[in-house]
Amino acid sequence: MKLSDLVNWNPWWKGLASAYESWYKYYNFSFIAFKGDLDFSKNYIIRGPRQVGKTYFLFKMMNNAVNNNVASFQGVIYISCDRLGGRNELRNLIRNLKEYKRGVEKEKILFLDEVTAIEKWERVYKEICEEGFFKVIATGSRPKELEEKGEYFPGRNVEIYNFYPLSFKEFVYSFLKSYLQEFKIVGAPLREELVSLTKRMDIILQPSSTPFNRLGNFLRKYQINLSTATTNDLKRIITESMGDKIEEIKSLANYFDIINFLFRLYLEIGGYPIAIEKKINEEEIPYELVVQDTLGTIEKEGLNIEILNRLIPKLIEKLSSPVSYSDLAKDLEVEKNTLIKYLETLERSFIIRVFYYYDGKVHPKKNKKIYFCDPFMIKAFEKYYSLKETDESIIVENIVGEHLARNIEDPFRVNWKNRIGYGKIKNKEVDFLVKEEEQIVKIEVKYQENPVVEIKDIDFLLTKDNFGLSEKPYQIPASLFLLTLK
């Protein structure tokens, strides 16, 4: 690795102005995706599918580390691992960086982007964590690989961070934050220094308002009028849990027009920031790009692309319907064990999620329901394989199932299957049964006009816009219910 390459990857080592210019390009968007921050006293493995904004998130964390006085510009080190020759080159690079950065004060944080591009990367990662000179934050677009290798790191102050496409709650929060223009490329400790610097250099480094003009124009096109007060109020409600789901839903109901508009948008483009940005800017949605990146990543796990090209359309066709693995394998003309391998890989790669039949206990031998982890992927696969559009009510059921699972899963995405699934009440199928403490909450999705309550003995009927809290089943718009999940 040449020193010139390392300096080109880390231009902020030159100081504040270079940091501002290099990090700004990761914020110069109409829509800024906001996810939770990291604790810089720990090491992280961040795993998620392609095109969901992991690299952008890394640069946001670099900026946060400096703004919060955790690290200096010199202590923030970025390495693009897919440009390295292998783990020995990475190991030598780390050894040289230790000497180069030995005198740097505060934390020294090593950001390893696309670490799974390096064979047996976990050996070097383990060495760095055990030595403790650097804190390490690593990302990869092969979640299955990261899951398997991540299990070797307990006790080394390593946390697994599952980086999904934006949930609906994250989507709404990000939309509101973007509209309020509240993101700061430079925090308060550095702002005065930046202003002074720009005056001395006679340059303009302040962010353009153009992206936000585009967002405002986009909202006006749909006759959505947001005041600062309204936006702040709604943002506060969705971030401050009231401890009572019903009371929270009542508060959210006052903003149903705004929430419903954003939910309709989420149904179309899901939680992929790249798609949201294109939609706001009235540019072509990158369906094919995301599908090709996704298939390419899954193919690296040893799966045959021809089988994938038969399997994925079949999964979309069967969406929300219980399926038999034996029948599905027969349809695809593959062995049942082969099918299970493919489904497990797709699930561990954050593409699908398999739900079992559930009655308080899991029944893995019965038929399964298979959902996708984001509505954008359903749309993208439909266009890629020239499939008919999936019914909107099925898409909403898919979203609800995925969000319920995320709400209760552990970092290794294992135990959630023991607490949620589909089931039956009096021989009638119920979409979701969720175990909360000693209680099983029963949820049915009826995203349609004037839904009929077919099963009385359920807790929540998630509707399109029907609203009723006087008795069970509570009728609640699906969009409001989703905002009460964490």
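As the structure is a prediction and not an experimental result, all values here were calculated from the model. (Residues numbered from 1 in each chain as written. Predicted model: local features only at pLDDT ≥ 70, side-chain atom pairs only at ≥ 80, totals over all residues. Heavy atoms only, no water.)

J.: Hey, could you run me through the packing of helix α14 (residues 287-299) against helix α18 (residues 375-384) in this one?
T.: The relative placement of two packed helices comes down to the angle between their axes together with the axis-to-axis distance. In the contact formed by α14 and α18, the axes pass within 9 Å of each other and the chain directions differ by 95 degrees. Between α14 and α18, the crossing angle belongs to the class labelled roughly perpendicular. Of α18, the residues touching α14 (which contributes Tyr 287, Glu 288, Val 290, Val 291, Gln 292, Thr 294 and Leu 295) are Phe 376, Met 377, Lys 379, Ala 380, Phe 381, Lys 383 and Tyr 384. Looking at the contact of α14 with α18 residue by residue, the class counts come to 9 nonpolar, 2 polar and 3 charged. (Axes fitted to C-alpha atoms, helices over the stretch in contact; angles between N-to-C directions. Helix = DSSP H or I, 4+ residues; strand = E, 2+ residues; numbered from the N terminus. Parallel < 35°, antiparallel > 145°, perpendicular 65-115°, else oblique. Contact = heavy atoms within 4.5 Å. Nonpolar A, V, L, I, M, F, W, Y, C, P; charged D, E, K, R; others polar.)

J.: Would you mind showing me how to read the pattern of salt bridges here?
T.: Should the charged atoms of two oppositely charged side chains come close, the side chains can pair. Scanning the entire structure with this criterion turns up 25 salt bridges. The salt bridge partner of Arg 264 is Glu 392, with a shortest N-O separation of 2.8 Å. Linking Arg 264 in helix α12 (residues 256-269) with Glu 392 in helix α19 (residues 392-408), this pair joins segments that are 128 residues apart in sequence. By relative accessible area, Arg 264 is classed as partly exposed at 35%. Several salt bridges converge on common partners, so that one network encompasses Arg 353, Glu 402, Arg 406 and Glu 409. (Salt bridge = Lys/Arg side-chain N within 4 Å of Asp/Glu carboxyl O. Buried < 20%, exposed > 50% of the residue type's maximum accessible area, 1.4 Å probe, protein only.)

J.: Got a minute to help me understand the sheet that holds strand β2 (residues 76-80) in this structure?
T.: Adjacent strands of a sheet form backbone hydrogen bonds with each other and so pair up, either parallel or antiparallel. Taken in spatial order, the 5 strands line up as β2-β3-β4-β1-β5 in an open sheet, and their pairing is parallel. Taken across any chain shown, the strands that pair with only one partner, and hence form the sheet edges, are β2 and β5 (158-162). Across this sheet, the average inter-strand angle for adjacent strands is 15 degrees, counted without regard to direction. Contacts from helix α4 (residues 87-100) reach β2 and β3 (109-113), with the element oriented near 165 degrees to β2. (Pairing = 2+ DSSP bridges.)

J.: Explanation requested: helix α2 (residues 16-24) in the structure shown.
T.: Within α2, 8 of the 9 residues are buried, which leaves the element mostly enclosed by the surrounding structure. By the burial criterion, the buried members of α2 are Leu 16, Ala 17, Ser 18, Ala 19, Tyr 20, Ser 22, Trp 23 and Tyr 24.

J.: In this structure, what is going on with the pairing of strand β12 (residues 439-446)? I would like to understand it.
T.: If a strand is regular, its side chains alternate between the two faces of the sheet. With 6 of its 8 residues buried, β12 lies for the most part within the structure. Relative to β12, strand β11 (residues 428-436) runs antiparallel, the two being bridged by 5 bridges. Pairing of Val 434 across the sheet is with Val 441, part of β12. Where β11 hands over to β12, the hairpin turn is made up of 2 residues, of which Glu 437 adopts a positive phi near 55 degrees. Here β12 pairs with strand β13 (residues 460-463) via 4 bridges, running parallel. Among the inter-strand pairings, Val 445 is bridged to a residue of β13, identified as Leu 462.

J.: I'm lost on helix α11 (residues 245-253) in this one. Help?
T.: Turning to α11, its buried residues are Ile 246, Glu 248, Ile 249, Ser 251 and Leu 252. Its buried side turned inward, α11 meets α10 (228-239), α12, β13, β14 (474-477) and α20 (478-482).

J.: What am I meant to see in empty space enclosed by the protein here?
T.: A probe matching the size of a water molecule, rolled over the atoms, marks out where space remains unfilled. Inspection of every chain in the model, using the stated rule, returns 3 cavities of 30 Å³ or more. By volume, the largest cavity amounts to about 70 Å³. What lines the largest cavity is a set of 14 residues, and nearest its centre among them are Ala 33, Lys 35, Val 52, Phe 163 and Leu 166. The greatest single-element share of the lining of the largest cavity, amounting to 3 residues, is contributed by helix α3 (residues 54-67). Tallied by class, residues from the lining of the largest cavity come to 10 nonpolar, 2 polar and 2 charged. (1 Å grid on protein atoms, 1.4 Å probe; cavity = no way out; pocket = protein on both sides within 12 Å on 5 of 7 lines; lining within 4 Å. Points joined across faces, edges and corners; volume = space filled by probe spheres on them.)

J.: I'm lost on the layout of surface pockets in this one. Help?
T.: Taken as a whole, the largest pocket spans an internal volume of roughly 670 Å³. Around the largest pocket sit 20 residues that line it, and Tyr 161, Asn 162, Tyr 164, Glu 170 and Arg 406 are the ones nearest its centre. Counting residues per element, the ones that place at least two in the lining of the largest pocket are β5, α7 (168-180) and α19. It is β5 that contributes the most residues to the lining of the largest pocket, 4 residues altogether. A volume near 570 Å³ is recorded for the second largest pocket. If you go around the second largest pocket, you meet 24 residues; those closest to its centre are Gln 51, Gly 53, Lys 54, Thr 55 and Tyr 56.

J.: Would you take a moment to explain the nonpolar core for this structure?
T.: Of all hydrophobic cores here, the largest spans 151 residues; its most connected members are Ile 79 and Phe 171. The dominant element in this core, judged by the number of residues it contributes, is α12, at 9 residues. Once you skip the residues sitting within four places of it in the chain, Phe 171 turns out to touch Phe 31, Leu 166, Leu 262, Leu 265, Tyr 266, Gly 270 and Ile 276. Of all hydrophobic cores here, the second largest spans 7 residues; its members include Tyr 358, Ile 455, Ile 458 and Leu 461. (Core = buried A, V, L, I, M, F, W, Y, C linked by side-chain atoms within 4.5 Å.)

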